[in-house]
Amino acid sequence: MLKIENLHVNYGGIQALRGISLEVPDGKIVTLIGANGAGKSTTLRTITGLVKAASGSIQWNGEELLGKSIDKIVTSGIAMSPEGRRVFPDMTVLENLKIGAYLRKDKAEIEKDIKWVYSLFPRLEERSWQLAGTLSGGEQQMLAVGRALMSRPKLMMLDEPSLGLAPLVVQDIFSIIREINRQGVTVLLIEQNANMALKIADLAYVLETGTITMSGTGAELLADERVKEAYLGKNS
Amino acid sequence: MQELLPYLINGISVGGQYALIAIGYTLVYGILRLINFAHGDVFMVAGLVMVYATTSMPFYIALPLVLIATVILGFVIERVAYKPLRSAPRMSLMISAIGVSYLIQNLAFYITGGVPQPVSNPIPWISENVTILGASTKRVTLVTPVLTILLVVALVYLINHTKIGMAMRAAAKDFETAQLMGIKINAVISMTFVIGSFLAAVGSMLYFTNYPSVAITSGGMPGLKAFVAAVFGGIGSIPGAVVGAFIIGLCEEIIKGLGYTTFSDAFTFALLIVVLCVKPTGLFGEKVTDKV
């Protein structure tokens, strides 16, 4: 379980997170919704170690993550698919997947996981020799998710996986996220597409200018008047 | 043709030496977007170490020692002068590089007393004269291009087919995402400096074998020429640096062969200006793939 307590982060001269606390229980899909600049990405980036926290704590299965190096955090079973996909454009699809398993040494298991990722995303297998930069946006997102899976994470964090994708593709991505979760990976999802995110979330938090203002199950927040007004559009 | 032949052979050899230096510029630029102005001075230090080492011990101990010392120097420069500036603006990094360059030259001045150190037949076998197609030359002239090509092939293999190579390519594209994969960025950057310094050391030993002495400014000209070669080939590209270096080496020697020795340096720098005006990305310049 990931447990964040009273986390403060200053980022680029502003207080990006002002003491947030949240929990990501094992095996669940947890989502963090909020407007641009609310601090969603900062939260994920602090968990992975890309951004330093000012104070607070992030406990992962009882272990403190703050102050650890990124590679240690990845090894402990946390992976992230970053915002904007960020696949390596001049590497092949296969190389992108292999680099996701950079810290692992078990070659046979890595091969097995490549097959596993291909079974989740058959499109990637068809294009395994293609340069990642030539893939469509949806395929790049699949690759970013596949690459993160290659470290065999217990917790998978996704930053805006639906960004800039066609609605049908977004549905595909979300059904895969569900599938990954069904196979035992805990998911922490950040979305501006609150409607989609809340529908698949077991647990949801609303983040506003660095503080958590609401939390509940996905269904609860979907039904909440304030959430409807602020994030879903009144009539949805 | 027969008169030009020695110049052509020489050109290929000089090109190989430039290539070995140019790779250091291009590798570091590829990963840090930094023109490492201290690289020419690292090259000079390798020459000095060779002079000191070969006069006091047998060459089979001295030469590995030159390689090791140069590699350590490159590693230390990065750790001391560039690593603390990782998140600083690129201009600071460049100023730091210029500072390192002066520091090395002045340290070398302090140690040598400013007196050029004579090079006396440091590596026995390769300094011997041989005759090829009727042209007489030192064996090093023939060894250089072959060794250069072998090293480049090994380097390209390392970058395309090994794990550290994959990490280097990833880091060159996107620091942050590379880190998310668990790649230790500082180790990768150190590795590029180690490789660059190693190749510069090899280039230096081949280069100074042909020269009467090593002075504290000896790194300047070959360093600048190699830099032009890297820009001409497309900075950031290894094949570019190698091709650029061979072209510049050949052109310089052909110009000398035609009797315009005075203009051979000018040609190289004129080429730099033309490249920067006409095709700033160079022959094999990085395609700009926008990060979405």
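Numbering of residues starts from 1 in each chain and follows the order in which that chain's sequence is written. Written order decides the labels, with chains lettered from A and ligands numbered from 1. Local features in this predicted model are restricted to residues of pLDDT 70 or higher, and side-chain atom pairs are both shown and tallied only at a pLDDT of 80 or more, whereas totals for entire chains, interfaces and linings draw on every residue.

Peer 1: Tell me about the overall build of chain B, and please be specific about residues and values.
Peer 2: Put simply, DSSP H or I for four residues or longer makes a helix, DSSP E for two residues or longer makes a strand, and each gets a number counted from the N terminus. Looking only at helices and strands, chain B has 11 helices and four strands in total. As defined in this context, the radius of gyration uses C-alpha atoms, and a globule is described by 2.2 Å times the residue total to the power 0.38. The C-alpha atoms of chain B give 19 Å as radius of gyration, which agrees with the globular expectation for 292 residues (19 Å, within 12%). Counting other C-beta atoms within 10 Å of its own, a residue is labelled buried from 20 upward, exposed at 12 or fewer, and partly exposed in the gap between, with every C-beta atom placed from the backbone. Burial statistics for chain B: of 292 residues in total, 47% are counted as buried. Contact definition: two residues whose C-beta atoms, as placed from backbone geometry, lie within 7 Å. At a minimum sequence separation of 6, the contacts of chain B that also span at least 24 residues come to 76%.

Peer 1: Any chance you could break down the sheet that holds strand 8 (residues 186-191) of chain A for me, citing the residues and the numbers?
Peer 2: All names here are of chain A. One open sheet holds the six strands; their spatial order is 6-7-8-3-9-10, and the pairing between them is mixed. What marks the edges here is a single partner per strand, and that holds for strand 6 (78-81) and strand 10 (211-216). Averaged over all pairs of adjacent strands, the angle between strand axes in this sheet comes to 20°, irrespective of strand direction. Between any two strands, at least two bridges found by DSSP are needed for them to pair. Bridge count between strand 3 (residues 29-33) and strand 8: five bridges; the pairing is parallel. Its bridge partner being in strand 8, L32 is matched across the sheet by I190. With axes taken as lines fitted to C-alpha atoms, and helix axes fitted only over the stretch in contact, angles between N-to-C directions fall between 0 and 180 degrees. In the packing of helix 6 (residues 137-149) onto the sheet, contacts are made with strand 6 and strand 7 (155-159), and the angle to strand 6 comes to roughly 170°. Contacts from helix 7 (residues 167-182) reach strand 3, strand 7 and strand 8 within the one sheet, and its direction differs from that of strand 8 by about 155°.

Peer 1: Please provide a residue-by-residue account of the packing of helix 3 (residues 93-100) of chain A against helix 6 of chain A, values included.
Peer 2: Residues and elements named next belong to chain A. Closest axis-to-axis distance for the helix 3/helix 6 pair is 7 Å, and the angle between their directions is 35°. Two packed elements cross with a definite hand, and for helix 3 against helix 6 that hand is right-handed. Counted together, V93, N96, L97, I99 and G100 of helix 3 and L143, G146, R147 and A148 of helix 6 form the full contact between these two elements. For the contact of helix 3 with helix 6, the residue count by class is five nonpolar, three polar and one charged. If you view the pair so one helix is near and one far, a crossing is left-handed when the near helix is turned anticlockwise from the far one by less than a right angle, and right-handed when it is turned clockwise. The classification used treats Ala, Val, Leu, Ile, Met, Phe, Trp, Tyr, Cys and Pro as nonpolar, Asp, Glu, Lys and Arg as charged, and all other residues, Gly among them, as polar.

Peer 1: Residues and numbers for the interface of chain B and chain A, please.
Peer 2: Each side of the interface is counted separately: chain B has 17 residues, and chain A has 22 residues. Of all the elements in the fold, those that place two or more residues in the side of chain B that touches chain A are helix 6 (163-173) and helix 7 (175-180) of chain B. When residues in the side of chain B that touches chain A are grouped by element, the largest group, five residues, is from helix 6 of chain B. Of the residues that constitute the side of chain B that touches chain A, the class distribution is seven nonpolar, four polar and six charged.

Peer 1: Give a detailed account of the pairing of strand 9 (residues 203-208) of chain A, specifying residues and quantitative values.
Peer 2: Residue and element names in this part refer to chain A. Counted residue by residue, strand 9 has five buried out of six residues, so it is predominantly covered. Pairing between strand 9 and strand 10: five bridges, direction antiparallel. Of the residues in strand 10, the one forming a bridge with E208 is T211. Connecting strand 9 to the next strand, strand 10, in antiparallel fashion are two residues, including T209 with a positive phi near 35°.

Peer 1: So what about helix 5 (residues 139-161) of chain B? Which residues, and what values?
Peer 2: Residues and elements named next belong to chain B. Helices are assigned an expected span. That span is 1.5 Å times one less than the residue count. Compared with the 33 Å implied by 1.5 Å per residue over 23 residues, the 33 Å span of helix 5 between its first and last C-alpha is a close match. Restricting attention to buried positions, one finds in helix 5 the residues V140, T141, T144, P145, T148 and L151. Residues of helix 5 that are buried sit in contact with helix 1 (5-32), strand 3 (135-138) and helix 8 (185-209).

Peer 1: Could you give an account of the confidence of the model for chain B, with specific residues and numbers?
Peer 2: The predicted coordinates should not be examined in detail at positions where pLDDT is low. Each residue carries a pLDDT score, the predictor's confidence in it, ranging from 0 to 100. Per-residue confidence for chain B averages 92 on the pLDDT scale, and 97% of its residues sit at or above 70. Across the predicted assembly, pTM comes out at 0.91 and ipTM at 0.91.

Peer 1: I'd like a rundown of helix 2 (residues 39-56) of chain B, residues and numbers included.
Peer 2: Helix length check: helix 2 of chain B, at 18 residues, gives a terminal C-alpha distance of 26 Å against a target of 26 Å (1.5 Å per residue), a fit within 8%. Within helix 2 of chain B, 14 of the 18 residues are buried, leaving the element largely enclosed by the surrounding structure.

Peer 1: Account for the packing of helix 2 of chain B against helix 9 (residues 220-233) of chain B, naming residues and giving values.
Peer 2: Residue and element names in this part refer to chain B. With their axes 8 Å apart at the nearest point, helix 2 and helix 9 run at an angle of 135° to one another. By the angle between their axes, helix 2 is oblique relative to helix 9. Of the two possible hands of crossing, helix 2 and helix 9 adopt the one that is right-handed. Of helix 9, the residues touching helix 2 (which contributes H39, G40 and F43) are G220, P222, G223 and L224. For the contact of helix 2 with helix 9, the per-class residue count stands at three nonpolar, four polar and no charged. When an angle is under 35 degrees it counts as roughly parallel; over 145 it counts as roughly antiparallel; between 65 and 115 it counts as roughly perpendicular; any other value is oblique.

Peer 1: Let's hear about the sheet that holds strand 4 (residues 55-60) of chain A: which residues, and what values?
Peer 2: Spatially, the four strands line up as an open sheet ordered 2-1-4-5 (chain A), and their pairing is antiparallel. Only two strands of the sheet have a single partner each, and these edge strands are strand 2 (14-24) and strand 5 (63-64) of chain A.

Peer 1: An account of the environment of B:G240 is needed here, citing residue identities and associated values.
Peer 2: Residues and elements named next belong to chain B. Relative to the helices and strands, G240 resides in helix 10 (residues 238-257). For the pair G240 and A229, spaced 11 residues apart in the sequence, the C-alpha separation amounts to 8.1 Å. In contact with G240, not counting residues within four places along its chain, are G233, G234, G282, L283 and F284.

Peer 1: Run through the nonpolar core, naming residues and quoting values.
Peer 2: Structurally, a nonpolar core is described as a collection of buried Ala, Val, Leu, Ile, Met, Phe, Trp, Tyr and Cys residues joined by way of C-beta atoms within 7 Å. Within the largest apolar cluster, 152 residues are counted, with the highest numbers of intra-cluster contacts made by A:M156, A:V187, A:L189, B:A22, B:A46, B:A229 and B:A245. At 14 residues, helix 8 of chain B tops the list of elements feeding residues into this core. Residues within four places of B:A46 in sequence aside, it is in contact with B:V66, B:T70, B:A200, B:A201, B:S204 and B:M205.

Peer 1: For unusual backbone geometry, give the residues involved together with the corresponding values.
Peer 2: Residue and element names in this part refer to chain A. Phi is positive for R85, close to 70°, though the residue is something other than glycine. Within the element layout of this structure, R85 appears in the loop between strand 6 and helix 3. Although it is not a glycine, T209 sits at a positive phi angle of roughly 35°.

Peer 1: Can you break down the environment of B:V202 residue by residue, with the values?
Peer 2: Residues and elements named next belong to chain B. In this fold, V202 is placed in helix 8. For V202, a count of 23 C-beta atoms within 10 Å puts it in the buried group. Sequence-wise, V202 and T148 are 54 residues apart; in three dimensions their C-alpha atoms are separated by 8.9 Å. Excluding anything up to four places from it in sequence, V202 contacts L20, L147 and L151.

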